[in-house]
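Chain by chain, the residues run as shown.
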Amino acid sequence: MKICPFVHAQLAEDTEKVPGPELKQLELGSVGSFVRNHRKKIFLIFLCLCTLLAVQPSSRWFGAELREDRTSKLQAELKGKTAEQILQWAAETVPGLVQFSSFGPSGMVILDLLDRLGLLEETRIVTIDTLHLFPESYEHLQNVTRRYPKMKLQTFYPKDFMEGEGHRFDEMHGMTLWKDDFQKYSYLTKVEPTLRALQQLAPGGWITGRRRSQGELRSHLPVVENDAGRLKINPLAYWTWEDVWQYLHTHEVPYNVLHDRGYSSVGDVMNTRPTKPGEGERAGRFELSQETECGMHTHLARIAKKRAESASKRAELDDAPHLPCDTCVEVNKQNFEEVVLKTKQDMLLEFYSPMCGHCTHFAPTYATIAHELSISGDALPARMDLYHNQVPQSAKDAGFEIHAFPTLILVRPMQKKLKLVTYHRWRRDVKTVLDWVKEELTKPLT
């Protein structure tokens, strides 16, 4: 930390006036005399130090303190900056910076820029291995590791799985989960590992390779976004596909050989195909799933956008379909603490959005599950609409984590806290869910 010039001068002056040996011999009584004789200077030194702390790089703008108005200001400050300038700014300003990369063309540009700027060694690199990548993608990763020896890479896998356990994942969740329930597959293989990485690494911000020219939901992508209190930084937001490839060829940056075979964007082996002439860059992703996003950046963003539109028009969010559940206890932001946090009985709580197709499809099933639970008395059936409500801070403090729709959590009251068990099984029919509830209720509260 740099020392204020005034502090430095005063310390030097006082050192000359009070020799070192005398300072060592100061007794408790003379300390008070010293403070009285120098109280004005001590006060000024203290004031100067406080000023220095106040103007330290803006780490106080990150984490829980990052507000939308601050994000908007950063967007204005970074407008027109080059990718190099944005990365340099991020490295100097954002605490614990992380780059998330699948080592696609855009990610490789960022990786190479970090290396050329001398920032690679201090920037943590994270990749998510879904266990279903192409063999060529794993070979590409080995080439990248050899090319950039300073890279500090951390790989995250689906929870409770390790490298090379794709077959075990399929045995547990089903070979066609990616097609039958794409949202669930995305949560298990991409969303949850990403959130776990963010939780473990606790960065003030993370770098992505997303670009506006990729189209679809990314067509209005800003350079910086507020992502649950941390910055999401998109230094290539205004780059085109041609810009990316010109950089790769000019600097001889390694890339996945699948790009030479017609794959403009590479994901998992079973749902990625080469793109056809005239198709969008990401058109070959998530084949048969009717999606072009993996779930990391989508549904909550849609809800936030809808809320903002309604607020600007002073309108209510009244266009969502009603999903009936006669025996469900309806939970909202106002009664969450009383109904959920202070519950005295076991509760099955569904977090859903009526604007989510999976939730609409699951609604009749959950209504039946709720009816059966109300008869058996095993657990109190409840649900919370996250389209019209936001998860209160008290819920987050209690450990509730909702990253996909719908999410089922079994809430079990303990002596001083709640035990929360999230449903992660592939099948979500009435019998499987009820059997899971009964199985969990037999387990000890620890």
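- The protein appears in an unreviewed UniProt entry as Thioredoxin domain-containing protein from Durusdinium trenchii.

### Thoughts on the confidence of the model for the protein
Right, on to step 1. Residues of the protein with pLDDT of at least 70 account for 73%, and the chain-wide mean is 79.
Right, on to step 2. Contacts of residues 1-28 to residues separated by more than four positions or lying in other chains number 20 contacts, the stretch itself having pLDDT below 50.
Right, on to step 3. Scored below 50 in pLDDT, residues 288-297 shows 29 contacts in the model against residues more than four places distant or in partner chains.

### A word on the sheet that holds strand β9 (residues 380-385)
Right, on to step 1. Pairing is mixed in the open sheet, where five strands are placed in the order β7-β9-β8-β10-β11. The two strands at the open ends of the sheet, each matched to only one other strand, are β7 (329-331) and β11 (418-422). Each strand of the sheet is rotated relative to its neighbour by a mean of 30 degrees, with strand direction disregarded.
Right, on to step 2. The pairing of strand β10 (residues 407-413) with β11 spans five bridges and is classified as antiparallel. Its bridge partner being in β11, P413 is matched across the sheet by L418.
Right, on to step 3. Here helix α17 (residues 430-441) sits on the sheet and contacts β8 (347-352), β10 and β11; the angle it forms with β10, its principal contact strand, is near 25 degrees.

### Re helix α7 (residues 105-116)
Right, on to step 1. In a regular helix each residue adds 1.5 Å, so twelve residues correspond to 16 Å; α7 covers 17 Å between its end C-alpha atoms and thus fits that length.
Right, on to step 2. Buried within α7 are the following residues: P105, S106, G107, M108, V109, I110, L111, D112, L113 and L114.
Right, on to step 3. Packed against the buried residues of α7 are α6 (83-93), β1 (98-100), β2 (124-128), α8 (135-147), β4 (205-207) and α12 (241-250).
Right, on to step 4. Phi turns positive, to about 75 degrees, at G118, one or two residues after α7.

Procedures and definitions
- Residues numbered from 1 in each chain as written.
- Predicted model: local features only at pLDDT ≥ 70, side-chain atom pairs only at ≥ 80, totals over all residues.
- Heavy atoms only, no water.
- pLDDT = per-residue confidence, 0-100.
- Contact = heavy atoms within 4.5 Å.
- Pairing = 2+ DSSP bridges.
- Helix = DSSP H or I, 4+ residues; strand = E, 2+ residues; numbered from the N terminus.
- Axes fitted to C-alpha atoms, helices over the stretch in contact; angles between N-to-C directions.
- Expected span 1.5 Å × (residues − 1).
- Buried < 20%, exposed > 50% of the residue type's maximum accessible area, 1.4 Å probe, protein only.

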